[in-house]
Each structure stands twice: as structure tokens, then as C-alpha cells.
Amino acid sequence: KLFNNPKADINSQDYIQYGELLQELGQDTIAVGMFEKAVAISPEKTALLKDLSGAYSSAKMYDKAADTMAKFIDGEGDQANPNDILALARRYQNLAISYMETDSVASLDAANKALTTIDKVLTRVPDNPLVLNTKSDILRVASRGEVTPEVIAADQATLAVLDSDPANLEKRKNIYRAIYGRLGNYYLTHNDKENAIMYFQKFYEVEPSEELKTFIEGLHAEPEK
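Colleague: I would appreciate a short explanation of the overall build of the protein in the present structure.
Modeller: Along the backbone of the protein there are 12 helices and zero strands. Each helix and strand of the protein, placed in order from N terminus to C terminus, yields the pattern α-α-α-α-α-α-α-α-α-α-α-α. Computed over C-alpha atoms, the radius of gyration of the protein comes to 22 Å, more than 25% over the 17 Å expected from 2.2 N^0.38 for 225 residues, which places it beyond the range of a compact globule. Here the C-alpha coordinates of the protein stretch approximately 80 × 40 × 35 Å along the principal axes. For the protein, the proportion of its 225 residues judged to be buried stands at 41%. Considering only residue pairs separated by 6 or more positions, the protein has 47% of its internal contacts joining residues 24 or more positions apart.

Colleague: Would you mind showing me how to read helix α3 (residues 48-58) here?
Modeller: Along an α-helix, residues three or four positions apart point the same way, because every turn accommodates 3.6 residues. All of the buried residues along α3 are L48, L49, L52, S53, A55, Y56 and S57. Its buried side turned inward, α3 meets α1 (12-24), α2 (28-41), α4 (62-76) and α5 (82-99). Immediately beyond the C-terminal end of α3, within one or two residues, lies K60, with a positive phi of roughly 65 degrees.

Colleague: Is there a simple way to think about the packing of α2 against α3 in this case?
Modeller: The geometry of a pair of packed helices is captured by two quantities: the angle between their axes and the separation between those axes. Contact pair α2 / α3: the axes reach a minimum separation of 9 Å and the direction vectors enclose 165 degrees. Considering their axes alone, α2 and α3 lie roughly antiparallel with respect to each other. By crossing handedness, the relation of α2 to α3 is classed as left-handed. Packed against α2, whose contacting residues are D28, V32, F35, E36, A38 and V39, the element α3 presents L48, L49, D51, L52, A55, Y56 and S58 at the interface. Of the residues assigned to the contact of α2 with α3, the class counts are nine nonpolar, one polar and three charged.

Colleague: Is there a simple way to think about the packing of aromatic side chains in this case?
Modeller: The relative placement of two aromatic rings is captured by the distance of their centres and the angle of their planes. This structure, assessed with the given rule, holds seven aromatic pairs. Seen in terms of ring centroids, Y176 and Y180 are 5.4 Å apart; in terms of plane orientation they differ by 35 degrees. Their pairing is tilted. Of this pair, Y176 and Y180 both sit in helix α10 (residues 173-189), four residues apart, which is roughly one turn of the helix. Given a relative accessible area of 1%, Y176 falls into the buried group. Seen from their ring centres, Y186 and Y187 are 5.3 Å apart, and the 80 degrees between their planes marks the pair as edge-to-face. Across the pair, exposure class does not vary: Y186 and Y187 are buried alike. Ring pairing ties together the aromatic residues Y176, Y180, Y186, Y187 and Y199, which thus form one cluster.

Colleague: Sorry if this is basic, but what is going on with the pattern of salt bridges here?
Modeller: Close approach of charged atoms allows side chains with opposite charge to pair. Here the structure, examined in full by the defined rule, presents seven salt bridges. Of the charged contacts, one joins R140 and D137 as a salt bridge, the two residues approaching to 2.3 Å between their closest N and O atoms. With R140 and D137 both in helix α7 (residues 129-142), this residue pair falls three residues apart, about one helical turn. For the salt bridge of R182 with D155, the shortest nitrogen-to-oxygen distance reads 2.8 Å. Taken together, the positions of R182 in helix α10 and D155 in helix α8 (residues 149-162) put the pair 27 residues apart, joining distant regions of the chain. Side by side, R182 and D155 carry an identical accessibility label, which is buried.

Colleague: Would you take a moment to explain the environment of F35 for this structure?
Modeller: In this structure, F35 sits in helix α2. Here F35 falls in the buried class, since its relative accessible area comes to 3%. Residues F35 and L48, spaced 13 residues apart in sequence, show a C-alpha to C-alpha distance of 7.9 Å. If we skip the residues at most four places from it in the chain, F35 touches I16, G19, E20, Q23, D51, L52 and A55.

Colleague: Looking at this structure, how should I read a nonpolar patch on the surface?
Modeller: A surface patch of nonpolar side chains, amounting to about 360 Å² of accessible area, comprises L2, F3, Y18 and L21. Position of Y18 relative to the elements: it lies in helix α1. Y18 gets classed as partly exposed once you look at its relative accessible area, which sits at 35%.

Calculation rules
- Throughout this document, residue positions are counted from 1 along each chain, in the order its sequence is written.
- Predicted model: local features are reported for residues with pLDDT of at least 70 only, side-chain atom pairs are reported and counted for 80 or more only, and whole-chain, interface and lining totals are derived from all residues.
- In computing side-chain values, all of the structure's heavy atoms are included and hydrogens and water are not.
- A helix here means a DSSP run of H or I that spans at least four residues, while a strand means a run of E at least two residues long, and both kinds are numbered starting from the N terminus.
- We compute the radius of gyration from the C-alpha atoms alone; for a globule the expected value is 2.2 Å times N to the 0.38, where N is the number of residues.
- Buried residues are those whose accessible area, probed at 1.4 Å on protein chains only, stays under 20% of the maximum for their type, while exposed residues exceed 50% and partly exposed ones sit between those limits.
- Residues are treated as being in contact if the distance between any of their heavy atoms lies within 4.5 Å.
- Only the stretch in contact is used when fitting a helix axis, every axis being a line fitted to C-alpha atoms; angles between N-to-C directions are given from 0 to 180 degrees.
- Geometric relationships in this document are graded by angle, where less than 35 degrees denotes roughly parallel, more than 145 denotes roughly antiparallel, 65 to 115 denotes roughly perpendicular, and other angles denote oblique.
- Whether a crossing is left-handed or right-handed is set by the direction in which the near helix is turned from the far one by less than a right angle, anticlockwise for left-handed and clockwise for right-handed.
- By the convention adopted, Pro, Cys, Tyr, Trp, Phe, Met, Ile, Leu, Val and Ala count as nonpolar, Lys, Arg, Asp and Glu as charged, and the other residues, Gly among them, as polar.
- Each Phe, Tyr or Trp ring, with Trp reduced to its six-membered ring, pairs with another whose centre is within 6.5 Å; inter-plane angles below 30 degrees give stacked pairs, above 60 give edge-to-face pairs, and intermediate values give tilted ones.
- Whenever a carboxyl oxygen of Asp or Glu lies within 4 Å of a side-chain nitrogen of Lys or Arg, that contact is scored as a salt bridge.
- Exposure above 30% relative accessible area and the lack of any salt bridge qualify a residue for a patch; like charges then connect within 9 Å, and the nonpolar side chains Val, Leu, Ile, Met, Phe, Trp and Tyr within 5 Å.
- A 1.4 Å probe and the Shrake-Rupley method give the accessible areas. Residues count as covered only by the protein chains that appear here.

Here it is in C-alpha cells:
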């Protein structure tokens, strides 16, 4: 009724609120139009670009999501918040994933932009485990899922920071599980059984299971090659 009232004084926040309601109803594509109108009606409110980028991302318009977030970051210059730069890295990561099956060149280009962007975050917050773990995720996207030595280095850097605070064993358990499993499998496939067992054992200590215990015992029992 508000938007149908020709006498209503509509402002950008009205469009934002309506867009958010549409998102809650699962109408992400229609919601994008509301966020676009909010930016159009108040272009001086550059923070609205973040909202628009998020709307594009929710609607799986990953190219526009990345371009809009990059425009916001460029406008912020040296004052850009590291969290916003991290968001841009993830926008490029999503774009790379979306292209992975259809355009390998575009996928790699987006992944490289994500890496360049995440490295900018790391210059500002070098000891943040979430940022370091995101770099590992992006590296695996760039290598099309292959666990490369660069991925391992990023994982090791993440573990070094996580291990500095014992509370992370519970708070960041999901990251520990992912990294320990990845490192265990990496060293196993590279015929380094000693390191493989070490990381599988660490995985077991974080989340014990009879299946993993049996698997580790089997590795111990295998003859050396």
C-alpha cells in the first residue's frame, strides 16, 4: 500500500526494508530490484552498495555481486574495513565456483582476484584464523579442488594461529576437522604415513569415532613401503 500511494514520500530505506522482506519470503530475484532502487534514489549513501552486493549474491548473480562490492571498496580507498574486503574476496570466490563447470578461464580469473583480495586482508589482519582458512578455500577453488602445496601451507598457517588459543579447539572445531582431515589425506596420498597418522590422530582427538580409530589402527599395522 505504501508503494502504491502516489503521495507517499518513499526513501531508500523503504526500498531496503521491502527488499529484506522479499528475501525472507524467498523472492531473492525480485528483492534485487528493490535494492537497486535504493541505490538509485540515494547514490550518495555508498554503504547501500554493500546491501545491493549482498542482494545480488543471494540471488546468485555472482558477477554483479562482485562488481558492486568492488565498487564500494574502491570508493572507501584506504579506509576500507577488512571485513568488507574479506566479503569481496568471498564474492570473487563464489563467482569462481559458479564458472567452474562452464568457463575455466573466467573461473581462474575470478579465483585469482579472490586471492589478491584475501592477501590484502592478510596484510591488515595476518593472524585471523577465519581469513587464513578462507585463503585455503580460495586456493582449492583456484586449483579446481586439488590440494596443492600452497593449500597445505595455508592450512598450516591457519593451524598455527588456532593453536595459539586452546579455546579454538571447541570454538573452531569445524575448521580443525576440515584441516586435519585434509592434511591426513594429503600426506597419505603422498606416501608420508607418519604425518598422515599424526593428523588423523589429531582429527580423532577433536572428534573421536570407532571408524576413524579402526582406520588409524589399520595404518599402524600396514607394512612400510
